[in-house]
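Commentary on secondary and tertiary structure
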Amino acid sequence: QVQLVESGGGSVQAGGSLRLSCAASGDTYCYYDMSWYRQAPGKEREFVSGIDKNGLTSYADSVKGRIIISRDNAKNTMYLQMNSLKPEDAAMYSCKTVRRGGTRVYCSRPLEVWGQGTLVTVSS
């Protein structure tokens, strides 16, 4: 079973930077798309950025130009470099992974896993 652990959250001033990490463990035979979501108090969870198993990236319009997603497949870790942070970026950031096939039969079975989240606060 895949497990995700986020880290790197914290408190920064507006204009500052943070680098979030999402470490995956539990499976080395399947391929996974990975993504970041965030949820601010009183708001719905929203997509932030994603990176598929081939490295293709996508971003929400609200973060384009300020955030860079990347992954290190050798370390089974995804990163979110957040720059020029704004108060509206404050939220609980969670990573998600979706299985997309692999070298074992079970890799074709659907699987979606979420991490517990890491909190980002941005002061103005």
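Note that the structure is a prediction, hence the values are computed from the model and not measured.

Considerations on the nonpolar core
- Trp36, Met78, Leu80, Met82 and Tyr93 are the most contacted members of the largest nonpolar core, which has 29 residues in total.
- Of all elements in the fold, only strand 3 (18–25), strand 4 (30–39), strand 5 (46–51), strand 7 (67–72), strand 8 (77–82), strand 9 (91–102) and strand 11 (118–123) reach the threshold of two or more residues within this core.
- In terms of residue count, strand 4 provides more of this core than any other element does, 4 residues in total.
- Residues contacting Tyr93, with those up to four places away along its chain left out, are Glu6, Leu20, Trp36, Tyr37, Arg38, Val48, Leu80, Met82, Gly117, Thr118 and Val120.

Focus on the packing of aromatic side chains
- Inspection of the entire model under this criterion finds 2 aromatic pairs.
- With a centroid separation of 5.6 Å and an interplanar angle of 75°, the aromatic rings of Tyr37 and Phe47 are classed as edge-to-face. Linking Tyr37 in strand 4 with Phe47 in strand 5, this pair joins segments that are 10 residues apart in sequence.
- Residue classification places Phe47 among the partly exposed positions, given a relative accessible area of 31%.
- Among the aromatic residues, those joined into a cluster by ring pairs are Tyr37, Phe47 and Trp114.
- Sitting over the ring of Tyr79, Arg19 keeps its end group 4.0 Å from the ring centre.
- Positioned over the ring face of Trp114 is Arg45, at 3.8 Å from the centre of the ring.

With respect to the pattern of salt bridges
- Counted according to the given criterion, the structure contains 6 salt bridges.
- As a salt-bridge pair, Arg100 and Asp33 come within 2.8 Å of each other at their nearest N and O atoms. One end of the pair, Arg100, is in strand 9; the other, Asp33, is in strand 4, with 67 residues separating them in the sequence.
- A salt bridge links Glu112 to Lys96; the nearest nitrogen and oxygen atoms lie 3.9 Å apart. One end of the pair, Glu112, is in strand 10 (residues 112–114); the other, Lys96, is in strand 9, with 16 residues separating them in the sequence.
- The exposure class of Glu112 is partly exposed, given its relative accessible area of 48%.
- Shared partners join several salt bridges into a network, and the residues in it are Arg38, Glu46, Arg66 and Asp89.

Conventions adopted
Residues numbered from 1 in each chain as written. Predicted model: local features only at pLDDT ≥ 70, side-chain atom pairs only at ≥ 80, totals over all residues. Heavy atoms only, no water. Core = buried A, V, L, I, M, F, W, Y, C linked by side-chain atoms within 4.5 Å. Buried < 20%, exposed > 50% of the residue type's maximum accessible area, 1.4 Å probe, protein only. Helix = DSSP H or I, 4+ residues; strand = E, 2+ residues; numbered from the N terminus. Contact = heavy atoms within 4.5 Å. Phe/Tyr/Trp six-rings, centres within 6.5 Å; stacked < 30°, edge-to-face > 60°. Lys NZ or Arg CZ within 6 Å of the ring centre and 35° of its normal. Salt bridge = Lys/Arg side-chain N within 4 Å of Asp/Glu carboxyl O.

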